[in-house]
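Spelled out from the first residue to the last, the chains are:
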Amino acid sequence: MKLKGKGINVQALTESACYLLFGILLFRLTVTGGYLSYVTPRMKPYLYGLSALMVLWAAMGAGKIFRPKYKGRLFHCLVLGIPILILTVPPAPPAGSAAIKNYSSSSIPGSSSEGTGIDFGSASEQETSGFDYYEDETEAEQPDYSAGYEGNADDAAQTQSQQPELLKGAGLNGLDEKARTITIADDDYYAWMTELGAHADKYQGYTVTMKGFVFLDLENRQENEFALVRLSMWCCSADMAPMGLMAYDTKGLSFKENDWVTVTGKLSVKDGYPTIDAENMVAAEKPQQEYVYPYY
């Protein structure tokens, strides 16, 4: 009896095609950096490995294509069919506050905790809130980034190698103590939010320039009050939370939520929390990589 498919194993052909296409699309997403909208930089080698595995499975399955099979099963190929469709035309990441999935790890010193699940506690507790990597260290053991890390060279090199790719070399750049100014670049955002959250009094009165988007979803928000934030991703897009500083526009807030702006203003400490009294706000372009990936 003549087999269907004229000697072609349709199941093996379909499986191999799905594996190969999925591997290629995943590789493209990783190379172009599109994966950073969904997972952190530390996942990059795993994504490359998965891409290679898919291509390997496709090659192994290709050897069965010319081994006729009387009855093929194709339904299970939908397991890869759906992600293939998604990877072919990746959905645009939601803008700004619409992407927030997790308020519990939010790091906006001084924002209200009522109604959002955020518990910042007292001013003294806030010094370490959101910065859990210092949780088990004494103050004397914490590296002082403003003075430069002078610990063991091997330890420093090891720490540097463990940092996500986008944060290697990040530190407290942009500090001018003589002029009492702080200019926060994209690559230094997380380091500065950590420093200002823990040592706000040290920089009171400094003129700060930083970029972020306007976040207004604050309980008991006052007129002209807003948070200047970026979204931090510890693991994947499901745990993104706002990270930034409270701010007040003394001239009247003219921007709407999710607008990207560059703010320049004096850093003050109110109720123990760092706050920017905005003196100048201008529209800004959203950075190519808008998310913040904390140190691991």
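Structure first, text after, so check above.
Quick caveat: nothing in here was measured; it's all calculated off a predicted structure.

The rules behind the values
Residues numbered from 1 in each chain as written. Predicted model: local features only at pLDDT ≥ 70, side-chain atom pairs only at ≥ 80, totals over all residues. Heavy atoms only, no water. Patch = residues over 30% accessible without salt bridge, like charges linked within 9 Å, V, L, I, M, F, W, Y side chains within 5 Å. Areas by Shrake-Rupley, 256 points an atom, 1.4 Å probe, with all protein chains shown as cover. Salt bridge = Lys/Arg side-chain N within 4 Å of Asp/Glu carboxyl O. Buried < 20%, exposed > 50% of the residue type's maximum accessible area, 1.4 Å probe, protein only. Axes fitted to C-alpha atoms, helices over the stretch in contact; angles between N-to-C directions. Helix = DSSP H or I, 4+ residues; strand = E, 2+ residues; numbered from the N terminus. Parallel < 35°, antiparallel > 145°, perpendicular 65-115°, else oblique. Left-handed = near helix turned anticlockwise from the far one by under 90°. Contact = heavy atoms within 4.5 Å. Phe/Tyr/Trp six-rings, centres within 6.5 Å; stacked < 30°, edge-to-face > 60°. Lys NZ or Arg CZ within 6 Å of the ring centre and 35° of its normal. Pairing = 2+ DSSP bridges. Nonpolar A, V, L, I, M, F, W, Y, C, P; charged D, E, K, R; others polar.

## Notes on a nonpolar patch on the surface
Step number 1: On the surface, Leu50, Leu53, Leu56, Trp57 and Met60 cluster together into a nonpolar patch covering about 450 Å² of accessible area.
Step number 2: On the accessibility criterion, leucine 50 (32% relative accessible area) is partly exposed.

## Describing the packing of helix H1 (residues 10–31) against helix H2 (residues 44–62)
Step number 1: Direction vectors running N to C along H1 and H2 enclose 160 degrees, while the axes themselves pass 8 Å from each other. Considering their axes alone, H1 and H2 lie roughly antiparallel with respect to each other. Judged by the twist between their axes, the crossing of H1 over H2 is left-handed. In this structure, H1 contributes Ala12, Ser16, Tyr19, Leu20, Phe22, Gly23, Leu26, Phe27, Thr30 and Val31 to the contact, and H2 contributes Lys44, Leu47, Tyr48, Leu50, Ser51, Met54, Val55, Trp57, Ala58, Gly61 and Ala62.

## Here's the deal with helix H6 (residues 189–198)
Step number 1: H6 sits mainly inside the fold: ten of its ten residues count as buried.
Step number 2: Those residues of H6 that fall on the buried side of the exposure criterion are Tyr189, Tyr190, Ala191, Trp192, Met193, Thr194, Glu195, Leu196, Gly197 and Ala198.

## Notes on the packing of aromatic side chains
Step number 1: Going through the model one piece at a time under the given rule, you end up with six aromatic pairs.
Step number 2: For the ring pair tyrosine 190 and tryptophan 234, a centre distance of 6.4 Å and an interplane angle of 85 degrees mean the geometry is edge-to-face. Taken together, the residues span a long stretch of sequence, with tyrosine 190 in helix H6 and tryptophan 234 in the loop between strand E4 (225–232) and strand E5 (241–249) at a distance of 44 residues.
Step number 3: Relative accessible area serves as the criterion here: at 1%, tyrosine 190 is assigned to the buried category.
Step number 4: Among the aromatic side chains, those forming a connected cluster through ring pairs are Trp192, Tyr203 and Tyr206.
Step number 5: The ring of tyrosine 248 carries the charged tip of lysine 270 above its face, separated from the ring centre by 4.2 Å.

## Some words on the pairing of strand E7 (residues 273–283)
Step number 1: As paired elements, E5 and E7 share four bridges and run parallel to each other. Following the sheet pairing, methionine 246 is matched in E7 by threonine 275.
Step number 2: With ten bridges connecting them, strand E6 (residues 260–270) and E7 associate as antiparallel partners. The residue of E7 that forms the bridge with lysine 270 is tyrosine 273.
Step number 3: Following E6, the chain reverses through two residues before pairing antiparallel with E7; aspartate 271 in that reversal takes a positive phi of roughly 55 degrees.

## Remarks on the pairing of E6
Step number 1: In terms of burial, E6 is largely enclosed, as eight of its eleven residues are buried.
Step number 2: Bridging between strand E3 (residues 207–215) and E6 involves seven bridges; their strand directions are antiparallel. Its bridge partner lying in E6, methionine 210 is registered against valine 263.

## Quick notes on the packing of H1 against helix H3 (residues 78–88)
Step number 1: Two numbers describe how H1 lies on H3: the axes approach to 10 Å, and their chain directions differ by 35 degrees. Crossing hand, H1 versus H3: left-handed. Taken together, the residues of H3 that come into contact with H1 (itself represented by Cys18, Tyr19, Leu21, Phe22, Leu25, Leu26, Arg28 and Leu29) are Leu80, Pro83, Ile84, Leu87 and Thr88.
Step number 2: Looking at side-chain class alone, the contact of H1 with H3 contains eleven nonpolar, one polar and one charged residues.

## Topic: unusual backbone geometry
Step number 1: Positive phi values are uncommon outside glycine, yet arginine 180 reaches one of about 55 degrees.
Step number 2: As for its position among the elements, arginine 180 is in the loop between strand E1 (175–176) and strand E2 (181–183).
Step number 3: The backbone phi angle of aspartate 271 is positive, close to 55 degrees, even though this residue is not glycine.
Step number 4: By secondary structure assignment, the location of aspartate 271 is in the loop between E6 and E7.
Step number 5: Judged by relative accessible area, aspartate 271 falls into the exposed class, the value being 71%.

## Here's the deal with the pattern of salt bridges
Step number 1: Considering all chains together, one arrives at four salt bridges under this definition.
Step number 2: Between aspartate 186 and arginine 230 there is a salt bridge; the shortest N-O distance is 2.6 Å. Here arginine 230 lies in strand E4 and aspartate 186 lies in the loop between E2 and H6, a separation of 44 residues in the sequence.
Step number 3: For lysine 256, the salt bridge goes to aspartate 259, with nearest N and O atoms at 3.4 Å.
Step number 4: Judged by relative accessible area, lysine 256 falls into the exposed class, the value being 56%.

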